[in-house]
Each structure stands twice: as structure tokens, then as C-alpha cells.
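Observations on the model geometry
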Amino acid sequence: MNYIRSYFISFIVLISSIGTVNWFIDPFGMYWSPVMTGVNEIKPEAGTRSRISKAYQVDKVAPQILIVGNSRVEMGLDPNSKIFAGKRVYNQGMPGAHLIMQVDYAIDAIENNHSIEHVIMGVDFLDFLVNSQQLNSEHQQQNETIRARYQFRLSTLDASASEYSYQGLKEKLAMIFSLDALTASIQTLSKQNATTSSISALGFNSADSYKTIMQTEGIKPLFNQKLNEISARLNSDLVIKTQKDSPYSPKFSHLGRLISTASQHNIKLTLFINPYHYSYLHTLADKGQWQNFMLWKQLVQQYIASQNSSIALWDFSGFNEVINEAVPLDKPKSYMQWFWEPAHYKRELGERMLATLLLDKNDIKFGQRLTETSLAEATNQEARALNNTSSQWQKLKNQLSLAQ
């Protein structure tokens, strides 16, 4: 009996010790225990669990302004920006999150936080493309399959209260008592002096891992990897469909759910189209998606206006001196001013965007509010700009050794 008692006590002490270490180090940014510089301030593992931690952390922050989107938003819009004028802000951007997930998380945050006054959401062209398979009658089933991976974290989805409580508790405990968490804690301790990405308590991704890549490999691999990835995702089967077409596209209806929820709670909603480097835009054109891209802008504007005419839609994707920024391939370890790579913009560019979105200080050289009138003019301007930058793009493609 003494042996069993000793074994049991040792087991409890071991588990408690692992739990205490993991709670204090908090490698996934779940609990935000006391932060100590050089010990647990940098959280390089947090990005691997952001879809878990952000479902719960947003309720702890109880933001007045909620930022929604994917990794572009997560890395580009800083909740600590002075432009927010002291408002509590949470960045719920999540890498790789598709539109339905972004909307589900945002609606859950709204329903559970009556503090939210303003939702700012970045929308992306690729999130609205659909193929023939996604347009068939089985799409609703596909949505349910996708949601099954995270619905137990969100109290406003269809999961039962018991499942929500049980799975949520199980997930939170795993981030303290598992060996996986202990390994992450050790890696967190070992990387406090490294240049690596970290998620803040307000959901912002420092994107510092890009600096490490820049210093070791240079900017060329970053551009090659991203442009090849975009090219691989696009094919001729992908189209843009609107809610008015048959078969219906669910993409716009998901956006409509957020518009409706924000309206019900008297929350201001601002939408914007993310900026893309000109190489990204030319890759869309090379893959035959330019017309769909411009059609998408038109349909998003029309759809939003039909749902709520007071909602502002800003477009930061048009050609200009920012979008046309040169890639310093002759000095491959030099940083660009506005972009990390073709798809992800830097905090500095995010500040210019926030100034437009929140202070109504329209930067005439970067970004414009889309209306039916401005769109007609923008469509022609963008077509001319695409043509005018074709030689610039061809030169960059040759330098990057991309397929013609």
C-alpha cells in the first residue's frame, strides 16, 4: 500500500509540476500568466494554436473594436495602434481561416461580448472563389463538416451546451497538462532571444519570423514560395457566383450573416479589401482570374449595399506607388517598406489603412471607398494599370525564375 501511495503522490506531484510550468510559461498564449522578459514574453508556439486561444481570449479582452480576417489582418493591423485612441481592441485574424470560420468566430465574439462597438473585417478574393463541386447540393454538408472541427469552441453554434463545456474544458486542460504543452514550454524558453513570430495578448502577430528568413535566405525565396502557392491554388474551374445566381454561392450569405448580426446589435461594421503586391495581382491575371477579381469587387459592393447601405467598403488593392513597390532583389536581405512578401503587408502599411478606416483621412494615393460610381471608374483604371505594369512584372518574373 505504501508503494501505491508513493506512486500516486509522485504522479500527482509530477502532473502538478508540469501544469504549473506550462501555466506560467503559457506557450500558446492561452492564459496570459504574469509575463517576464526573457522567460515567457515571446511566444513562438502561440501561432500553432491561435484558432483555439482566440476563441476564448477575445472574451477575456472584451474588446470595443474587433478586427476580423486571415493572416494578412493578423500581421498587418496592430491593436495597440494609437489610432484606436485607447479603445480596447482585439485582433481575431487567423492564418488560413476561411470565410465561414472568420464569420462564425466573429459572431460568437459579438454574442458573448456586449462591449463590441465596431467590427473591422478584411475580405479576400480567394475566399469567395468556388468550384463546381462546391456549388452542388452537398455544400451544406461540407460546411457542417468544416464546422465540426471547431463548433464546440463557439457557444453560438449548434453544439450542445454539454459538448461545449466538456470539449472546451478538455482543450484548455490539454494546453496545460499535456507533454505537447511541456515541449512547447521548453521551446518557448529556448527562443526568448531569437527573432521569431509571437502572438500578443491582443491577438497581433509580430511576423518577426520573416526577419529570420530575410537574414538567412533573403527575399527571393519568400516571393517564389508565395507566388507559386497562389498560382497552384488557382485554376480555370474557380468562379465567382453571387447570392442572386443559381446555384447560389454560400460565400456572400456568410458575409450577410455577419452584416445581420452586427445590425441587430447596433454595431458599426467596416469592410475592406486587403492590399496585394502587384506581383500578386499579375499572378491572378496570368491564371485567368483578373476578370473574376474585378467582378468580385463589384459584387461585394453591390451585395453589401443591398444588405445595409450605411456599411463602408474600402479597397486597398488598387495599383499605386504602394502596391507597385519594387522588390530589392539586388539587395536580397533588404526589407521592403510596405510588404513582407506578395500577400502579407507590414504593420506600417496597416497604420495607413487604419488612418483611412477610423479617422476618415482618405489617403488619396492609397485606398478608396467603393461605391457604384467609383467602381466604374476604378475598373478602367485598374485595367490600364495592369497593362502599364506588365513589363515591370515580366522583369520580376525573369529575376525570380518563375514559369512564363
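Scroll up to find the structure.
Now for a quick tour of the structure.

What counts and what doesn't
- Residues numbered from 1 in each chain as written.
- Predicted model: local features only at pLDDT ≥ 70, side-chain atom pairs only at ≥ 80, totals over all residues.
- Heavy atoms only, no water.
- Helix = DSSP H or I, 4+ residues; strand = E, 2+ residues; numbered from the N terminus.
- Rg over C-alpha atoms; globule rule 2.2 N^0.38 Å.
- Buried < 20%, exposed > 50% of the residue type's maximum accessible area, 1.4 Å probe, protein only.
- Contact = heavy atoms within 4.5 Å.
- Areas by Shrake-Rupley, 256 points an atom, 1.4 Å probe, with all protein chains shown as cover.
- Lys, Arg positive; Asp, Glu negative; His and termini not counted.
- Charge placed at Lys NZ, Arg CZ, Asp CG, Glu CD.
- Axes fitted to C-alpha atoms, helices over the stretch in contact; angles between N-to-C directions.
- Parallel < 35°, antiparallel > 145°, perpendicular 65-115°, else oblique.
- Left-handed = near helix turned anticlockwise from the far one by under 90°.
- Nonpolar A, V, L, I, M, F, W, Y, C, P; charged D, E, K, R; others polar.
- Core = buried A, V, L, I, M, F, W, Y, C linked by side-chain atoms within 4.5 Å.
- Salt bridge = Lys/Arg side-chain N within 4 Å of Asp/Glu carboxyl O.

For the protein chain, the count of helices and strands is 15 helices and six strands. In terms of overall size, the protein chain behaves like a compact globule, its C-alpha atoms giving a radius of gyration of 23 Å where 404 residues would be expected to give roughly 22 Å. Within the protein chain, buried positions represent 52% of all 404 residues. By sequence separation, contacts in the protein chain at least 24 residues apart represent 77% of the contacts at least 6 residues apart. Carbon and sulfur atoms provide 52% of the accessible area of the protein chain, an area that totals close to 18500 Å². Charged side chains of the protein chain number 38 positive and 36 negative; the gap between the two group centres comes to 3 Å.

As for its position among the elements, Gln301 is in helix 12 (residues 290–307). Judged by relative accessible area, Gln301 falls into the buried class, the value being 11%. If we skip the residues at most four places from it in the chain, Gln301 touches Leu313, Leu370, Thr371, Glu372 and Leu375.

Let's shift gears to the packing of helix 9 (residues 219–233) against helix 11 (residues 278–286). Two numbers describe how helix 9 lies on helix 11: the axes approach to 10 Å, and their chain directions differ by 30°. Of the possible angle classes, the one that applies to helix 9 and helix 11 is roughly parallel. Crossing of helix 9 over helix 11 shows right-handed handedness. Within the contact between the two elements, helix 9 uses Phe223, Leu227, Ile230 and Ser231 and helix 11 uses Ser279, Tyr280 and Thr283. When grouped by side-chain class, the residues that make up the contact of helix 9 with helix 11 number four nonpolar, three polar and no charged.

On to the environment of Ala378. Residue position: Ala378 is located in helix 14 (residues 372–388). It is 9.9 Å that separates the C-alpha atoms of Ala378 and Phe319, two residues lying 59 residues apart in sequence.

Right, let's get into the nonpolar core. Counting residues in each nonpolar core, the largest one holds 92 residues, and the members touching the most others are Leu66, Met121, Phe125, Phe272, Phe293 and Trp296. Setting aside residues no more than four positions away along its own chain, Phe125 makes contact with Ile240, Tyr276, Leu284, Gln289, Asn292, Phe293 and Trp296. Counting residues in each nonpolar core, the second largest holds 16 residues, with Ala55, Met101, Tyr150 and Leu157 among its members.

So, about the pattern of salt bridges. Inspection of the entire model under this criterion finds 11 salt bridges. With a shortest N-O distance of 2.9 Å, Asp124 and Arg72 are connected by a salt bridge. In this pair, Asp124 sits in the loop between strand 3 (118–123) and helix 5 (139–147) while Arg72 sits in helix 3 (residues 71–76), placing the two residues 52 residues apart along the sequence. Across the pair, exposure class does not vary: Asp124 and Arg72 are buried alike. Between Asp208 and Lys211 there is a salt bridge, with its nearest N and O atoms 3.3 Å apart. Accessibility expressed as a relative area gives 31% for Lys211, which makes it partly exposed.

What follows is about the packing of helix 12 against helix 14. Running from N to C, helix 12 and helix 14 point in directions that differ by 165°, and their axes come no closer than 11 Å. As summarised for this structure, helix 12 and helix 14 are arranged roughly antiparallel, according to the angle between their axes. For helix 12 against helix 14, the interelement crossing comes out right-handed. Facing helix 12, whose interface residues are Trp290, Met294, Lys297, Gln298 and Gln301, helix 14 presents Glu372, Leu375, Ala378, Thr379, Glu382 and Leu386. Considered class by class, the residues forming the contact of helix 12 with helix 14 number five nonpolar, three polar and three charged.

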